[in-house]
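Residue strings, one per chain:
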2 protein chains.
Amino acid sequence: MTANTENDGSMAKGSGRIKALPKRALAKIAEVARTAKKLGQDDPRRVTHSLKVGLAITLVSLLYYFQPLFDGFGVAAMWAVLTVVVVFEFSVGATLGKGLNRMLATLLAGALGVGAHHLASLSGEKGEPILLGLFVFLLAATVTFIRFFPRMKARYDYGLMIFILTFCLVSVSGYRDDEVLEMAHKRLSTILIGSFASLFVCVFICPVWAGSDLHSLVAVNLEKIGSFLEEFGNEYFNGLEEGESKKDKSNLEGYKTVLNCKNTEESMANFARWEPGHSQFKFRHPWKQYLKIGTLSRKCAYRVDALNGYLNSEIKAPLKVRRKIEESCIKMSFECGQALKELAMSIKTMTSPTAVDLHMSNAKTSAKNLKSFLKTGLWEDTDLLEVIPAAAVASLLIDVVACTESIADSVNELASLAHFKSLEYRDQAVEQVQVIKQKQILAQPLASIDGTHHVITIEVASPSLRK
Amino acid sequence: MTANTENDGSMAKGSGRIKALPKRALAKIAEVARTAKKLGQDDPRRVTHSLKVGLAITLVSLLYYFQPLFDGFGVAAMWAVLTVVVVFEFSVGATLGKGLNRMLATLLAGALGVGAHHLASLSGEKGEPILLGLFVFLLAATVTFIRFFPRMKARYDYGLMIFILTFCLVSVSGYRDDEVLEMAHKRLSTILIGSFASLFVCVFICPVWAGSDLHSLVAVNLEKIGSFLEEFGNEYFNGLEEGESKKDKSNLEGYKTVLNCKNTEESMANFARWEPGHSQFKFRHPWKQYLKIGTLSRKCAYRVDALNGYLNSEIKAPLKVRRKIEESCIKMSFECGQALKELAMSIKTMTSPTAVDLHMSNAKTSAKNLKSFLKTGLWEDTDLLEVIPAAAVASLLIDVVACTESIADSVNELASLAHFKSLEYRDQAVEQVQVIKQKQILAQPLASIDGTHHVITIEVASPSLRK
């Protein structure tokens, strides 16, 4: 009986486990579904992109179905499918860059390969494989080394790889001369078909422009730092008294994504340089200037990160110390925040920044006031240890004012390089931005491992910014 | 005559330009040669890598030369060459990751493709292309969307791309069933040959381990911050008096590369996870812990960047103010620097950090001293405005002490996770590190656009660290 009961027990356990299995699997599936839904909601362009890739591949695989086309290309038709899969990227710039790289590299390497094949075949049956092997080795080693050059890596890495590939395929293949020519020709034409199909779908169906993304990323980053600074003064000087120390400050920490987006910005600028003119952006738009603004934003964000440390630190300067510098500090922080938000707005609407000068002069006046106030020596009765956090905050804020000014300068430079319109067009531009917002999500990329960019939705034009 | 003279003049100009052309071309070539030499000297492994790629491709292209092998594979032999070109990466981890991704994806997608082809062929001549098109569209769109999942993107991005590719090639190709099977089989076996050839050359000829690189990158980053902090105190408090304000401080700015190496570290950790055990590192070495240490290092580096701002700023606290806090600040900075260097040494030699506790307690004592010194109110006769930079520096240094402590904690965690040896083995380990240094350059990667890592040489074991 006992044995039987035990047996039953273990069976019950076993069946329990078996019953639990589909439950776990279901939970896992539900989790994946949630992630997928979130990915799609964060940026619906991801869903569109997936459908576009499916469409482009299906289009090109028609090459196989239509017998006449297939007869023309034979097995080489698979290169067209392969090209679409490999070349089709999220943004137009990335696709264009890869497509051009692939086409140009195939053309050049194909020609060189045919030449090498011809040259080697002249040296007789025994010499041919040796000479070909030597050519392949030298070319592969040299081009691989060239891929380490930072400039080549940034723009032509993919092309250099395809160059090695095509040269090897064409030169090594042990055919007769005319067959090699035909092979090179087929490979080139199928790659052209694949690249153009990808580009067609990529450009004409809901295009994603790396340039626009970079443009809004830089603006959104400025806005995030601005939001922090707008709030910081009040948060630091008044937060505690109102018993709000436990308040959720996560809305302030948006600036953290700014700290690590150097690589994203650089790869987007590289992609953007391949793109033709689109909407407000002309071909040869000064994309490099965005990198400058990005670098300055990060410098400012490092200071903001230090300020955030004081916000969360348990040790704060005592109330009476803080009260003394409160006004100037709040003003400095707020005006810098306003200036940064105005700069962000200026970039978004592509109109010259104007109110910035006012905010900056306000901030600088406050900095001056703070200094002269400190000079009056009202402090003598305070414990100096207690002054340190407040002094550090004040000092960081003075630093932030300098950073903001250099950001303003570089945005002004961008405005003149990219011929931003004057302020009269602002209202009109704001409307345009909002219309664009309805049609498409202005998105903000996250840093990712390989430099390609994912995007998440961001509120772009808040009414409070419309002045 | 005049016309003739003019003509002569313009001819002279023209020939001058023509003469200038080769000069310019020569200058350009010389510049490229210099860059190439520098790239090679910075990390000789780049040259080795290039030669290895050449070797691997030449080896695989032998498939074409040997008639019997070629007869077996036919045109499919080109997939072996293609695989080598595409899969061969700088580090073993990256090559292994790509190779495994490619092999597994080809196997799975090949099987699925054969199945889809069979299923579609059942539906008659008219239904077949429609059904196949539908399959291809659905699979391509779904898998493309899956590539957006951050986890999949980090480790399986390449595999997912190859999955789409192989599925399309196998399922779409309009052959009879047995031919499709043969095609899938050929494709898989050539890809296996290519991948194994790449792996063989990559692992057995001067291997570059992403894990070792990550290990030394994290250690070198700590060392760079440590070097800055060791010098900072003296530089800030004594630099100006000795008329050294114009001294080249670039040796102090090594820490700047630490600010932007998040992506590099993440991709290296991803590569490292593919690698089998090598030298001191077992398979399943706690690579993730390095990312933790890296994040904390960056946090510390942000503070250091702020300190550096005070070093270079024109406005410094006046001498008499600085003199008062000088001793404690120099001590704090120096001890933190020593602690960080000791931690770096501990990671490099994989021995438990011990002297760190001493340095940290020294630093904390100094921080305490500073605080109590400030409390004595010796300051009353100074202008408070002048105190601000000094106070900010002191406050940042107190922050740095906290950062250093959290770094020390996470290195201790690494030490217990990775079973670091006790200190007795230190001298032995230092010797080993130096032997390794002679054989191979422990290198430090730079952030790059696509997350793959370039490396520059770094002095690893300085004698002053051997205690």
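- Naming follows an unreviewed UniProt entry, where chain A appears as Aluminum-activated malate transporter of Dillenia turbinata.
- According to the UniProt record, the Sequence similarities (unreviewed entry) comment for chain A reads "Belongs to the aromatic acid exporter (TC 2.A.85) family."
- Its UniProt record gives chain A a comment under Subcellular location (unreviewed entry), which states: "Membrane".

1. What about the overall build of chain A?
Reasoning step 1: Along the backbone of chain A there are 16 helices and two strands.
Reasoning step 2: By residue count, 54% of the 467 residues in chain A fall in the buried class.
Reasoning step 3: Intrachain contacts of chain A at a sequence separation of at least 6 include 81% that bridge at least 24 residues.
Reasoning step 4: Here chain A displays about 20,900 Å² of accessible surface, and carbon together with sulfur accounts for 62% of that area.

2. Remarks on the UniProt feature "transmembrane region" (unreviewed entry) in chain A
Residue and element names in this part refer to chain A.
Reasoning step 1: UniProt records the feature "transmembrane region" (unreviewed entry) at residues 47-66, 72-92, 104-124, 130-149, 156-176 and 188-210, using the numbering of this structure.
Reasoning step 2: Across residues 104-124, helical content stands at 90% and strand content at 0%; the span's end C-alpha atoms are separated by 32 Å.
Reasoning step 3: The span residues 130-149 is 85% helical and 0% strand by assignment, and the distance between its end C-alpha atoms comes to 30 Å.

3. Remarks on the packing of aromatic side chains
Reasoning step 1: One pass over the full model with this rule turns up 24 aromatic pairs over all chains.
Reasoning step 2: Ring geometry for A:Phe200 versus A:Phe204: centroids 5.1 Å apart, planes at 45°, classification tilted. Residue A:Phe200 and its partner A:Phe204 are located together in helix H8 (residues 177-204), separated by four residues, close to a single helical turn.
Reasoning step 3: One aromatic cluster is present, built from ring pairs that chain together A:Phe228, A:Phe232, A:Tyr236, A:Phe237 and A:Tyr255.
Reasoning step 4: In this structure, A:Lys98 is placed above the aromatic ring of A:Tyr158, and the distance from its NZ or CZ to the ring centre is 4.9 Å.
Reasoning step 5: It is B:Arg155 that lies over the ring of B:Trp274; its NZ or CZ is 4.4 Å from the centre.

4. Considering the packing of helix H5 (residues 92-122) of chain B against helix H7 (residues 150-172) of chain B
Think of two packed helices as two axes; the pair is described by the angle between the axes and how far apart they sit.
All names here are of chain B.
Reasoning step 1: It is the contact of H5 with H7, at a shortest axis distance of 7 Å, that shows an interaxial angle of 30°. Regarding the angle of H5 to H7, the classification is roughly parallel. Pair H5 / H7 crosses with right-handed handedness.
Reasoning step 2: Here the residues of the contact of H5 with H7 are counted per class, giving twelve nonpolar, eight polar and three charged.

5. Here we look at the confidence of the model for chain A
Residue and element names in this part refer to chain A.
Reasoning step 1: Here chain A averages 80 in pLDDT, while 76% of its residues score no lower than 70.
Reasoning step 2: Across residues 1-7, confidence stays below pLDDT 50; counting only partners more than four residues off in sequence or on other chains, it has zero contacts.
Reasoning step 3: Predicted confidence is poor over residues 439-467, with pLDDT under 50, and the contacts of this stretch with residues over four places away or in other chains come to 88 contacts.
Reasoning step 4: Confidence estimates for the predicted assembly give a pTM of 0.80 and an ipTM of 0.80.

6. Considerations on the environment of B:Leu100
Reasoning step 1: Counting through the fold element by element, B:Leu100 comes out in helix H5.
Reasoning step 2: When its relative accessible area of 35% is taken as the criterion, B:Leu100 is described as partly exposed.

7. Observations concerning unusual backbone geometry
Residue and element names in this part refer to chain A.
Reasoning step 1: We note that Ser279 has phi near 35°; this positive angle belongs to a residue other than glycine.
Reasoning step 2: For His419, which is not a glycine, the phi torsion comes out positive at approximately 50°.
Reasoning step 3: With relative accessibility at 62%, the residue His419 sits in the exposed group.

8. Quick notes on a nonpolar patch on the surface
Residues and elements named next belong to chain A.
Reasoning step 1: The grouping of Leu55, Leu59, Leu62, Phe200, Phe204 and Ile205 at the surface amounts to a nonpolar patch, some 540 Å² of accessible area in total.
Reasoning step 2: Elements that contribute at least two residues to the nonpolar patch include exactly helix H2 (45-65) and H8.
Reasoning step 3: Since its relative accessible area comes to 31%, Ile205 is described here as partly exposed.

9. Overview of helix H13 (residues 319-349) of chain A
All names here are of chain A.
Reasoning step 1: Given a rise of 1.5 Å per residue, 31 residues ought to cover 45 Å, and the 42 Å separating the end C-alpha atoms of H13 matches this to within 8%.
Reasoning step 2: Along H13, the helix axis deviates most sharply at Glu326, where the bend reaches about 55°.
Reasoning step 3: The buried fraction of H13 amounts to 24 of the 31 residues, a majority that puts the element mostly inside the structure.
Reasoning step 4: Directly after H13, the chain includes Met350, whose backbone phi takes a positive value near 55°.

10. Observations concerning the pattern of salt bridges
Reasoning step 1: The final tally for this structure, using the stated rule, is 32 salt bridges over all chains.
Reasoning step 2: Between A:Asp305 and B:Arg303 there is a salt bridge, with its nearest N and O atoms 3.6 Å apart. With A:Asp305 in helix H12 (residues 287-312) and B:Arg303 in helix H12 (residues 287-312), this residue pair bridges two chains.
Reasoning step 3: A residue is classified by how much of its surface remains accessible, and B:Arg303, at 5% relative accessible area, is buried.
Reasoning step 4: A salt bridge links A:Glu335 to A:Lys331; the shortest N-O distance between them is 3.5 Å.

11. Overview of the packing of H2(A) against helix H4 (residues 78-87) of chain A
Residues and elements named next belong to chain A.
Reasoning step 1: Closest axis-to-axis distance for the H2/H4 pair is 8 Å, and the angle between their directions is 175°. Comparing their axes, H4 and H2 come out roughly antiparallel. Listed contacts from H4 to Ala56, Ile57, Val60, Ser61, Leu63 and Tyr64 of H2 are Met78, Ala80, Val81, Val84 and Val85.
Reasoning step 2: Of the residues belonging to the contact of H2 with H4, the class tally is ten nonpolar, one polar and no charged.

12. What to know about the environment of A:Ser198
All names here are of chain A.
Reasoning step 1: Counting through the fold element by element, Ser198 comes out in helix H8.
Reasoning step 2: On the basis of relative accessible area, Ser198 is assigned to the buried category, the value being 0%.
Reasoning step 3: Here the alpha-carbon distance between Ser198 and Val92, two residues 106 residues apart in the chain, equals 9.7 Å.

Calculation criteria
Residues numbered from 1 in each chain as written. Chains lettered and ligands numbered in written order. Predicted model: local features only at pLDDT ≥ 70, side-chain atom pairs only at ≥ 80, totals over all residues. Heavy atoms only, no water. UniProt positions renumbered as here; feature names shortened; annotations may be inferred. Helix = DSSP H or I, 4+ residues; strand = E, 2+ residues; numbered from the N terminus. Buried < 20%, exposed > 50% of the residue type's maximum accessible area, 1.4 Å probe, protein only. Contact = heavy atoms within 4.5 Å. Areas by Shrake-Rupley, 256 points an atom, 1.4 Å probe, with all protein chains shown as cover. Phe/Tyr/Trp six-rings, centres within 6.5 Å; stacked < 30°, edge-to-face > 60°. Lys NZ or Arg CZ within 6 Å of the ring centre and 35° of its normal. Axes fitted to C-alpha atoms, helices over the stretch in contact; angles between N-to-C directions. Parallel < 35°, antiparallel > 145°, perpendicular 65-115°, else oblique. Left-handed = near helix turned anticlockwise from the far one by under 90°. Nonpolar A, V, L, I, M, F, W, Y, C, P; charged D, E, K, R; others polar. pLDDT = per-residue confidence, 0-100. Patch = residues over 30% accessible without salt bridge, like charges linked within 9 Å, V, L, I, M, F, W, Y side chains within 5 Å. Salt bridge = Lys/Arg side-chain N within 4 Å of Asp/Glu carboxyl O. Expected span 1.5 Å × (residues − 1). Bend = angle between axes of the 7 residues up to and from the residue.

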